[in-house]
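Take a look at the letters that make up each chain.
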Amino acid sequence: FEGSDYYDINAKYMHILGSKDKLSASFYIGNDYSNAKNSETHKYDYNPDEDKSSQLKETRYRYSKGDKMGNIASTFHWDHTISPSRTLHSLLTYSEYKSRTYTDTESESIAWTDDFDYLRQQGSFESGISDLTLKVEYIDDTFKNHTLAISGGYTLQRVKSTVEFTSHKANLYDTLIMSGNNGYKEYVNTFHISLDDQMVFWEKLKIGLGVRLNNYFVKNSNYLSIEPRVRLRYSPIKTLRLTGSFTIMSQAIHLLSSNNIVSKHDLWVPSTSSYAPTKAHQGTIGIEYEYKIDGNPVIISLEGYYKKMINLLEYKDGASYTSGQNWEKQVCVGDGWSYGVQFLAQRKVGPVTGWIGYTWSRTMRQFDRPGQEINFGKPFHAKYDREHDLSITLQYRVTKKWDLAATFIYGTGTRGTIGLQKYEDHMYRPGGYNSSIYYVSERNNYKMPDYHRLDIGSTWYLKDKKHANFGHVLNLSVYNAYCNFNPFLVYPSGDKMYQLSLFPTIPSLSYTFKF
């Protein structure tokens, strides 16, 4: 770990135009930058009893990596009340995510005969996605036991990527330098309308029926998706609720993630005539129970889910974003599924509030279509398959103007692909020494170390005595209080695995002015 810089800016504004109209706006921008470096040198003793040309004298290794990520999110909202039971909501949003990664790796092996093998690889990868959405929703509550919602809108998505790379190989007899670049910029136009009806029967049963129609236009292709949804909620008694739902969803943007544990690259790519939008079918069933402690309600819920995904994209075995080839030639199409159980206990009222949330889940992939096989067509773990996810948040109101808070987060590591076994290929090279080849048993065979941290904070609420509408909030917090070095990436060197970490203990002070 070398260093990091980051900043976040938030702004919110709300204005009431009258009894029937309200305007609100919010804006966020944030950027994170991190840099990591590592270098190693190993010297070896000369053995006069062995062939001089087959003995290494020295090996050198140097690695540096820089990452920059940025987010922008802005929202403009207009609420208009037509009548006490009819409202109109207009929403305009813009969001943008972009990332840039630079890597520079250099290795050199020198024999006692002064023969050598030298390799330097440099790469720069940029990827981004932006969304511009306009949505209008009409809600009508005039019907008895029915709440009708009709909405329509348009979304313009832009995905872009740029790749540049250079490879420099050399030995005593030859030098080879290769370089290249690749990139694209594509747009996805989405028109959507939806209809939803929330119905109430006997005050105990609520049924929500809806349908959404999406029409995607991308790269001279047109895709139409009809997505029904059903929600059920039954309360046999006031403190007990049984829930269930079924939803069909689609998305015309695919996320391609590198499975290499050393490289963390996410690439957003559009659907094309060869690759249809991703579809998902998800069903849930749950139970929720409410009881009181010292007169304050505590809600406990348990929900299970199953999700089937179709038309997923993954990199082919051995494919690389630095190859210079078009991404469409480097991917395969397959399916996936995810299932799990979510537990949540929360207390929203009282001097001590907070929640405990735990999720156990599995996320798998299978690419077994003819000509599209990955992992020999066998199921494998998805990159973001995290079996355990735990979060505990507590807030204690000491006085009306002062509270304390703490949050603990734990999650099992994500997945990646790495050769855990190696052998020597015994091919002749200048100097006569061998080269190691790593054997990969299956896709995403390595699980990253677990992630956990504790955040603590204290907040003071101050009011301006001269101006009743003015308020001041002062917050002192500590991120990663016990300074756990969570893994950002893991890389092999020799026979060992090394870890790079970001964000140790970080104290912060923030001030908020409300008016």
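Residues numbered from 1 in each chain as written. Predicted model: local features only at pLDDT ≥ 70, side-chain atom pairs only at ≥ 80, totals over all residues. Heavy atoms only, no water.

Remarks on the overall build of the protein chain
Regarding its fold elements, the protein chain presents zero helices and 28 strands. Principal axes of the C-alpha set define a box for the protein chain whose edges measure 95 × 55 × 40 Å. Relative to its full complement of 515 residues, the protein chain shows a buried share of 35%. Sequence-distant contacts in the protein chain: of pairs separated by 6 or more residues, those separated by 24 or more amount to 63%. (Helix = DSSP H or I, 4+ residues; strand = E, 2+ residues; numbered from the N terminus. Buried < 20%, exposed > 50% of the residue type's maximum accessible area, 1.4 Å probe, protein only. Contact = heavy atoms within 4.5 Å.)

Section: the nonpolar core
Membership of the largest hydrophobic core comes to 22 residues, with the highest contact counts inside it found for L256, L267, V269, L313 and W327. If you list the elements that add at least two residues to this core, you get β5 (116-140), β6 (146-171), β7 (175-201), β8 (205-218), β11 (253-257), β12 (266-270), β14 (296-315) and β15 (331-347). If near-sequence neighbours (up to four positions away) are discounted, L313 is found in contact with H254, L255, L256, V269, Y275, W327, V331, C332, V333 and F367. (Core = buried A, V, L, I, M, F, W, Y, C linked by side-chain atoms within 4.5 Å.)

Here's the deal with the pairing of strand β19 (residues 402-411)
Bridge analysis of strand β18 (residues 388-399) against β19 gives ten bridges, and the strand direction is antiparallel. Opposite I392, over in β19, you have F408 as the bridge partner. Count of turn residues in the β18/β19 antiparallel hairpin: two residues. Relative to strand β24 (residues 451-463), β19 is paired through ten bridges, and the arrangement is antiparallel. (Pairing = 2+ DSSP bridges.)

With respect to the confidence of the model for the protein chain
Within the protein chain, residue pLDDT values average 87, and 91% of them lie at 70 or more. For the stretch residues 428-433, pLDDT sits under 50, and the model shows 21 contacts to residues farther than four places along the chain or on other chains. (pLDDT = per-residue confidence, 0-100.)

Points about a positive patch on the surface
Residues K68, K98, K160 and K185 make up a contiguous surface patch of positive charge. For K185, the position within the fold is in strand β7. (Patch = residues over 30% accessible without salt bridge, like charges linked within 9 Å, V, L, I, M, F, W, Y side chains within 5 Å. Areas by Shrake-Rupley, 256 points an atom, 1.4 Å probe, with all protein chains shown as cover. Salt bridge = Lys/Arg side-chain N within 4 Å of Asp/Glu carboxyl O. Lys, Arg positive; Asp, Glu negative; His and termini not counted. Charge placed at Lys NZ, Arg CZ, Asp CG, Glu CD.)

Quick word on the environment of D368
One can find D368 in the loop between β16 (352-366) and β17 (380-381). Here D368 falls in the partly exposed class, since its relative accessible area comes to 42%. Through-space distance from the C-alpha of D368 to that of L312 is 12 Å; in sequence the pair is 56 residues apart. Not counting residues up to four positions away in its chain, the partners in contact with D368 are E373 and G377.

Notes on the pattern of salt bridges
In the structure shown here, the tally under the stated rule is 23 salt bridges. The partner of R62 in a salt bridge is E106, and the shortest N-O contact between them spans 3.0 Å. Linking R62 in strand β3 (residues 56-83) with E106 in strand β4 (residues 86-111), this pair joins segments that are 44 residues apart in sequence. By relative accessible area, which is 27% here, R62 ends up partly exposed. The salt bridge partner of E387 is R362, with a shortest N-O separation of 3.8 Å. You can see E387 sitting in the loop between β17 and β18 and its partner R362 sitting in strand β16, a full 25 residues away along the chain. Residue classification places E387 among the partly exposed residues on the basis of a relative accessible area of 26%. A residue is classified by how much of its surface remains accessible, and R362, at 15% relative accessible area, is buried.

Re the environment of G123
Along the polypeptide, G123 turns up in strand β5. G123 sits in the buried class, given a relative accessible area of 5%. Taking the C-alpha atoms as reference points, G123 and K238, separated by 115 residues in sequence, lie 60 Å from one another.

Details of unusual backbone geometry
One non-glycine residue with positive phi stands out, namely N444, at about 55°. Within the secondary structure, N444 is located in the loop between β22 (436-439) and β23 (446-447). We note that C483 has phi near 55°; this positive angle belongs to a residue other than glycine. Within the element layout of this structure, C483 appears in the loop between β25 (471-479) and β26 (487-493).

Some remarks on the environment of L205
Checked against the element boundaries, L205 lands in strand β8. Ignoring anything within four residues of it in the chain, the contact list for L205 reads M199, V200, R233 and Y234.

Here's the deal with the packing of aromatic side chains
Taken as a whole, this structure holds nine aromatic pairs when the rule is applied. Where Y275 meets W327, the ring centres are 5.9 Å apart and the plane angle is 35°; that geometry is what we call tilted. With Y275 in the loop between β12 and β13 (278-293) and W327 in the loop between β14 and β15, this pair connects stretches of sequence that are 52 residues apart. Residue class for Y275 comes out buried when judged on its relative accessible area of 10%. (Phe/Tyr/Trp six-rings, centres within 6.5 Å; stacked < 30°, edge-to-face > 60°.)

As for the pairing of β5
Relative to β5, β4 runs antiparallel, the two being bridged by 25 bridges. Bridged to L91 within β5 is K135. Taking the residues that link successive antiparallel strands as the turn, the β4-β5 hairpin has four residues, and the phi of D114 there is positive, at about 70°. Both β5 and β6 contribute to a ladder of 24 bridges, which runs antiparallel. When the sheet's bridge partners are listed, E137 is paired in β6 with S151.

Section: the side chain of E108
Checked against the element boundaries, E108 lands in strand β4. Taking the relative accessible area as the measure of exposure, E108 reaches 19% and is therefore buried. Look past the residues within four positions of E108 in its chain and what remains in contact with it is E58, T59, R60, F116, D117 and Y118.

A word on the side chain of S151
Positionally, S151 belongs in strand β6. Exposure remark for S151: the relative accessible area of 8% places this residue in the buried category. Polar contacts involving the side chain of S151 include one to the side chain of S194, which spans 2.5 Å. Residues contacting S151, with those up to four places away along its chain left out, are K135, V136, E137, H192, I193 and S194. (Polar contact = N/O pair within 3.5 Å; in protein donor to acceptor, adjacent residues only side chain to side chain.)

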